[in-house]
Amino acid sequence: MEEFSLMTILAVFEEMFGRGLFWAMVALAVAITLAWVYVLVRDRSLSMRKFLLAQLSMPVGGVAAVWFVLVMTNSSLRDLGGPIDGIVLLGVFAAGAVGFAILVYVVQSLLRGRPADS
Amino acid sequence: MGDIDKLMASRRGFLGLAGAGGAALALGGARQGQAAPVRTNARILILGAGAGGAAIANRLSERLDGAEITVLDGRAQHWYQPGFTLIAAGLRGADYAVSATERWLPRGITFISEYAAELDPEASRVTTTGGQRLDYDYLIVATGLVLDWDAIEGFDLSMVGPETGISAHYASPEMAEKSWHALDRFTDEGGVGLFGRPATEMKCAGAPVKICFLAEDIATTKGNRDRCEFVYNAQAQNLFGVPVIHHRVRQIMDERDITYRYEHVLRAIDPGAKTATYATPNGDVTDRWDFINVVPPQRAPQVIRDSGLAWADRWTDQGWIEVDTQTLRHARYPNVFGIGDINGVPKGKTAASVKFHIPVVEDHLVAEIAGAEGTRLYDGYTSCPLITRVGRAMLVEFDYQDNLTPSFPGLIAPLEELWISWLMKEVALKATYNAMLRGRA
């Protein structure tokens, strides 16, 4: 019970968002990741043009993630009180940035279709 | 109040929740060490379906096969008490803390929606308020405590609200919301705000301090700090029972110009004159207020006090049951265990304590039924995300010895005001609490 296990974490996340929403979000994240793998396999290469746009969009995703967390938790940047707070904030930023970059890459690939000239 | 609020899930678990999902995956998943259910036909009676009662019912129904488990509780609503502080600070509505009691109970048990009217531990029998007679082999007392509002002369719960400036957020989710309206008005208009705690043992001893800090922060955010005066009245010669935490709280109160007084115990209020009378070593002191947060003395329910389970020579005006401080088994009736606020142990009437009581009681009870002896011991661990303002808290954790027992040493400093500690309270705590109720955390 007191032990730290995956089951405990899953139980807590299910309670946090509700079982349906939590697994829907997991499914969405998995679907986007699979779509990314799909377009990589389909195109047989990482398109540097799409990757550049994805990279440029990273700050947008990072800032959006930080903003979302602050709003949802009645917090502001002035509440950061120690190193761990900065690390958590960077973690949120990084997660938002990477997630959004993958999403942008996938959306470009799916919308523009397979590159004709590569 | 469970502002334990406190139940940092597992002591090692929360950072994982905060972000290290990968680490969790690396642990490889499944819950370890869960033995096959123990076959028994024991009759187990659980008094109370609050945090302790619901959680142990779930654990026992998983660990035991064939046991006749009965849960007795007359209240249809389950209250997430750690949320009361957030409601009283205007961050949540009353419904945040309300759910249906039955929702948390496992299938295959008997739930009786009545209270215990009589408890006879000699005969191992409980009579309900509806007159049912329940014989048990094992009894788990998880009734919680009662708030003795009548002990505050001149006070009545109907007075709570913005018109009077009276706040009583311990009473219920609905009262916590009314208390917010009182606080909202006070921090708009200014004046003198009185805070404090009773002289009895109490649930979440940090909660009166939290609401004082939050009130000061809310007034500051509104730009009205210079019109408000804050006075915190401690019942003892300290602001918190654990010395190192006392000093930290005192330091923060000094920094934020909150007045504190020792050995001031609220005994009467006059809502008409807007005065409060405190018992002090030098006699009564009466002060005027524009806002007052009332936290009353707290005691065991009468049926427990009348049962013979209480300590005979300790807390005689309060009636907490005489359990071993480490095994939580009753000192005189070995088939009786206690979980949560009702336990007569030196510390911790919090949901965090409940979380750490449960595996101990589960272990000793299941082991005995299996013909063995339990080994787990409770060290007095409790914790409190001590909110210091909206957006920051200190994650204080301690044990019977007044030792600090940080779950994340080197990462989350217990006496530092941190955003991550606030996130735990604001985001992760209720989820962890709910998982605990279901016997899953």
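Residues numbered from 1 in each chain as written. Chains lettered and ligands numbered in written order. Predicted model: local features only at pLDDT ≥ 70, side-chain atom pairs only at ≥ 80, totals over all residues. Heavy atoms only, no water.

1. Quick word on the packing of aromatic side chains
- Inspection of every chain in the model, using the stated rule, returns 16 aromatic pairs over all chains.
- Between the aromatic rings of Phe195 of chain B and Phe291 of chain B, the centroid separation amounts to 5.6 Å while the plane-to-plane angle is 40 degrees, which identifies the pairing as tilted. Residue Phe195 of chain B is found in strand 14 (residues 191-196), and its partner Phe291 of chain B is found in strand 20 (residues 291-293); the two are separated by 96 residues along the sequence. Each member of the pair, Phe195 of chain B as well as Phe291 of chain B, is classed as buried.
- Taken together, Phe13, Phe17, Phe22 and Trp23 of chain A form an aromatic cluster joined through their ring pairs.
- For Arg92 of chain B, the ring lying beneath its charged end belongs to Tyr96 of chain B, and the centroid distance is 4.7 Å.
- The lysine or arginine in question, Lys349 of chain B, covers the ring of Trp320 of chain B, its NZ or CZ lying 4.1 Å from the ring centre. (Phe/Tyr/Trp six-rings, centres within 6.5 Å; stacked < 30°, edge-to-face > 60°. Helix = DSSP H or I, 4+ residues; strand = E, 2+ residues; numbered from the N terminus. Buried < 20%, exposed > 50% of the residue type's maximum accessible area, 1.4 Å probe, protein only. Lys NZ or Arg CZ within 6 Å of the ring centre and 35° of its normal.)

2. Some words on helix 4 (residues 58-72) of chain A
Residues and elements named next belong to chain A.
- Its 15 residues give helix 4 an end-to-end C-alpha distance of 21 Å, which sits within 8% of 21 Å, the value for a rise of 1.5 Å per residue.
- All of the buried residues in helix 4 are Gly61, Gly62, Ala65, Val66 and Leu70. All buried residues of helix 4 lie within an arc of 165 degrees about the axis, which places them on one face of the element. Residues of helix 4 that are exposed and angled more than 90 degrees away from the buried face: Val60, Val63 and Trp67.
- Remark: Asn74 follows helix 4 within two positions and exhibits a positive phi of approximately 50 degrees. (Expected span 1.5 Å × (residues − 1). Arc of directions from axis to C-beta.)

3. A closer look at the sheet that holds strand 19 (residues 283-288) of chain B
All names here are of chain B.
- Pairing is antiparallel in the open sheet, where three strands are placed in the order 17-18-19. Looking along the sheet, the strands with just one partner apiece sit at the ends: strand 17 (265-270) and strand 19. Between one strand and the next, the sheet's axes are offset by a mean angle of 25 degrees, whatever the strand orientation.
- Summarising the sheet, strand 17 and strand 18 (residues 275-280) pair through five bridges and their orientation is antiparallel. If you follow Val265 over to strand 18, its bridge partner there is Ala279. (Pairing = 2+ DSSP bridges. Axes fitted to C-alpha atoms, helices over the stretch in contact; angles between N-to-C directions.)

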